[in-house]
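# Reading the structure
Take a look at the letters that make up each chain.
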Amino acid sequence: MNRKIFIYANDSEMSRKTEKNLKQKLDSSGFTLLPSYRADADLLVCIGGDGTFLEVIHRFDFPPMPIIGINTGHLGFFQEIMPSMLDDFIFNYSQGRYSIQQLSTVKIAVKTKEGISQHVGLNEVIIKGQSTCSVHLNISIGGSFIERFSGDGLLIATPAGSTAYNYSLGGSIVDPRLNILQVTPIAPMNTTAYRSFTSSILLPSDLSLGVVTDAGSKQEGLSVVYDGYTADYAEIEEIEVSFSDTLVNLMRFENYDFWTKVKSKFL
Ligand code: NAP
Ligand code: MN
């Protein structure tokens, strides 16, 4: 079985131990272990928590091959197996007893005087102020002006990211089989001075969200945060948030069920 596998582990003692253990087992099962990441690897193994998973996704620019997560971290929502299940994993993988869960991503295009920069998030992208002042953003959906948002910012979550920051903000948990984007306000103001939606809104995959800073308000720069990574912009002309074609392929085994996982992690 000459499949090429690359293993990425975080620095925790448990992860290092698991990595060493897994390397020995894969080697004696006849797999080829790659010393560094290559886009033609057959499988990427990520050892750590969700944070490590997001790190691997961004470090290697959304790897195209299947990824299996081994949870040595805290929550481990993306992670499929525990370090105690290495033999089962190798057996099931060798036998082809797995399925691929395709996770959709969200992209944000930021237009400035210098041009357009783009970022992709697996969990979410966030548009917020750089200071503690509120932001005022004119929001359009599918090209039509909808609202002038006032508050801390806006979070646009993928279904996979709906259980992360989105959930802490009161957003809904979304089954990843649905192709939608969830726009969740962060501390929206709703007074006689300012009016904004106070609940999340859901968009179909073919509608995009347009954002321009409100010309009437004195606005400092904005930060765009994608999966915890920040990009600061001094002057933005326009932002567009939309569904991205980039997919993340997660390896799941027979007993994987999204809602069982939600229950085990949240209730
Ligand atoms: P972190 O601050 O260590 O992560 C916060 C928690 O979110 C960790 O417990 C992490 O799991 C968990 N998490 C990440 N993705 C998840 C998902 N898709 N579903 C459920 N839980 C998830 O930072 P990080 O580990 O680098 O993760 C970055 C993410 O943190 C961001 O994408 C954002 O969604 C989230 N975040 C949440 C809040 C909040 O809830 N108030 C604030 C900022 C950022 P592990 O313990 O397994 O790493
Ligand atoms: Mn973390």
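Below is a short write-up of the structure. Small disclaimer: the values here were computed from a predicted structure and weren't measured.

## A look at the overall build of the chain
When its secondary structure is counted, the chain shows 5 helices and 16 strands. Scaling as 2.2 N^0.38, a compact globule of 267 residues should have a C-alpha radius of gyration of about 18 Å, and the chain matches this with 20 Å. Counting only C-alpha atoms and orienting by the principal axes, one finds that the chain spans roughly 65 × 40 × 35 Å. Residues classed as buried in the chain amount to 51% of the 267 residues present. Taking contacts inside the chain between residues at least 6 apart in sequence as the whole, the part at least 24 apart equals 70%. Of the roughly 12,900 Å² of accessible surface on the chain, 49% is carried by carbon and sulfur atoms.

## Points about the packing of helix 1 (residues 13-28) against helix 3 (residues 86-94)
Running from N to C, helix 1 and helix 3 cross one another at 40°; their axes reach a closest spacing of 11 Å. If you check the angle between helix 1 and helix 3, you find them oblique. In this structure, helix 1 crosses over helix 3, and the sense of that crossing is right-handed. Only Leu86, Asp87, Phe89 and Ile90 of helix 3 make contact with helix 1, whose side of the interface consists of Thr18, Asn21, Leu22, Lys25 and Leu26. Looking at side-chain class alone, the contact of helix 1 with helix 3 contains 5 nonpolar, 2 polar and 2 charged residues.

## Notes on the site of ligand 1
If you check the shell around ligand 1, you find 17 residues, and the closest are Asp50, Asn123, Glu124, Thr163 and Ser168. Between an oxygen atom of ligand 1 and a main-chain N or O atom of Gly51, the distance comes to 3.1 Å. Glu124 has a polar side-chain atom sitting 2.5 Å from an oxygen atom of ligand 1. Notes on ligand 1: free accessible area 810 Å², of which the protein chains cover 65%. Residue assignment for the shell around ligand 1 shows that the elements contributing at least two residues are helix 2 (50-59) and helix 4 (165-168). Looking at the shell around ligand 1, the element that brings in the most residues is helix 2, giving 3 residues. Within the shell around ligand 1, the residues separate by chemical class into 7 nonpolar, 7 polar and 3 charged.

## Some details on unusual backbone geometry
At Asp61, a residue that is not glycine, the phi angle is positive and equals roughly 50°. Turning to its location among the elements, Asp61 is positioned in the loop between helix 2 and strand 4 (67-71).

## Examining the side chain of Thr52
Along the polypeptide, Thr52 turns up in helix 2. A polar atom in the side chain of Thr52 sits 3.1 Å from the side chain of Asn10. In this view, Thr52 contacts Tyr8, Asn10, Cys46 and Ile47; residues no more than four positions away in its chain are not counted.

## Points about the sheet that holds strand 14 (residues 222-226)
Reading across from one edge, 12-11-10-7-14-15 is the order of the 6 strands in this open sheet, with antiparallel pairing throughout. In this open sheet, the two edge strands, each paired with only one partner strand, are strand 12 (201-204) and strand 15 (229-233). For this sheet, the mean angle separating the axes of adjacent strands, direction not counted, is 20°. Sheet analysis places strand 7 (residues 124-129) next to strand 10 (residues 153-157), joined by 5 bridges and oriented antiparallel. Directly across from Ile126, in strand 10, lies its bridge partner Leu155.

## Description of helix 3
Of the residues making up helix 3, those classed as buried are Leu86, Phe89, Ile90, Asn92 and Tyr93. For helix 3, the angular spread of the buried residues around the axis is 170°, confining them to a single face. Check the buried side of helix 3 and you find it contacts strand 1 (4-9), helix 1, strand 3 (43-48), strand 4 and strand 16 (238-252).

## Some points on the environment of Val211
Inspection of the secondary structure assignment puts Val211 in strand 13 (residues 209-213). On the basis of relative accessibility, which here comes to 2%, the residue Val211 falls in the buried class. With 54 residues separating them along the chain, Val211 and Lys265 place their C-alpha atoms 34 Å apart. With near-sequence residues (within four places) excluded, Val211 lies in contact with Ile127, Leu137, Asn138, Ile139, Glu238 and Ile239.

## Thoughts on the side chain of Glu80
Note that Glu80 resides in the loop between strand 4 and helix 3. When its relative accessible area of 15% is taken as the criterion, Glu80 is described as buried. Apart from residues no more than four positions distant in its own chain, Glu80 is found in contact with Ile68, Gly69, Met251, Arg252, Phe253, Tyr256 and Lys261.

Scoring rules and cut-offs
Residues numbered from 1 in each chain as written. Chains lettered and ligands numbered in written order. Predicted model: local features only at pLDDT ≥ 70, side-chain atom pairs only at ≥ 80, totals over all residues. Heavy atoms only, no water. Helix = DSSP H or I, 4+ residues; strand = E, 2+ residues; numbered from the N terminus. Rg over C-alpha atoms; globule rule 2.2 N^0.38 Å. Buried < 20%, exposed > 50% of the residue type's maximum accessible area, 1.4 Å probe, protein only. Contact = heavy atoms within 4.5 Å. Areas by Shrake-Rupley, 256 points an atom, 1.4 Å probe, with all protein chains shown as cover. Axes fitted to C-alpha atoms, helices over the stretch in contact; angles between N-to-C directions. Parallel < 35°, antiparallel > 145°, perpendicular 65-115°, else oblique. Left-handed = near helix turned anticlockwise from the far one by under 90°. Nonpolar A, V, L, I, M, F, W, Y, C, P; charged D, E, K, R; others polar. Near = heavy atom within 4 Å. Polar contact = N/O pair within 3.5 Å; in protein donor to acceptor, adjacent residues only side chain to side chain. Pairing = 2+ DSSP bridges. Arc of directions from axis to C-beta.

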